[in-house]
Amino acid sequence: TDRIYVTATQALHLMMGCAPAGPAGTGKTETTKDLASAMGKACYVFNCSDQMDYRSMGDIYKGLASSGSWGCFDEFNRLVP
């Protein structure tokens, strides 16, 4: 947990994003939500599915960018390219 906090805050300082990866059930989503809360940012969790297309993803990104919120995309691997 400490390692992801350091890595994520360094990425934010460099105006970059962060994509925690690892086995299921290790707390990636909860850690991201906790860090967002500690930094005073809203964090929205999206459960991705193969039904999501580029339009719906674009709408999500527009909303996150316009509000300055964080997005956490669970099951990102389910998206169809």
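Residues numbered from 1 in each chain as written. Predicted model: local features only at pLDDT ≥ 70, side-chain atom pairs only at ≥ 80, totals over all residues. Heavy atoms only, no water.

(A) Summary view of the nonpolar core. The biggest cluster of nonpolar side chains holds seven residues, and these are Cys-48, Met-52, Met-57, Ile-60, Leu-64, Phe-73 and Leu-79. Excluding residues that lie within four positions of it along the chain, Phe-73 makes contacts with Phe-46, Cys-48, Met-57, Ile-60, Tyr-61 and Leu-64. (Core = buried A, V, L, I, M, F, W, Y, C linked by side-chain atoms within 4.5 Å. Buried < 20%, exposed > 50% of the residue type's maximum accessible area, 1.4 Å probe, protein only. Contact = heavy atoms within 4.5 Å.)

(B) Looking closely at unusual backbone geometry. One non-glycine residue, Met-15, adopts positive backbone phi at about 60 degrees. Considering the arrangement of structural elements, one finds Met-15 in the loop between helix 1 (2–13) and helix 2 (28–38). One non-glycine residue, Glu-75, lies in positive phi territory at about 55 degrees. Looking at the element boundaries, Glu-75 is found in the segment after strand 2 (70–74). (Helix = DSSP H or I, 4+ residues; strand = E, 2+ residues; numbered from the N terminus.)

(C) Structural view of the packing of helix 1 against helix 2. Orientation of helix 1 relative to helix 2, taken along the N-to-C sense of each, is 55 degrees, at an axis distance of 11 Å. Here helix 2 runs oblique to helix 1, going by the angle between their axes. Along this stretch, helix 1 crosses helix 2, giving a crossing that reads as right-handed. Taken together, the residues of helix 2 that come into contact with helix 1 (itself represented by Ile-4, Tyr-5, Ala-8 and Thr-9) are Thr-31, Asp-34 and Leu-35. (Axes fitted to C-alpha atoms, helices over the stretch in contact; angles between N-to-C directions. Parallel < 35°, antiparallel > 145°, perpendicular 65-115°, else oblique. Left-handed = near helix turned anticlockwise from the far one by under 90°.)

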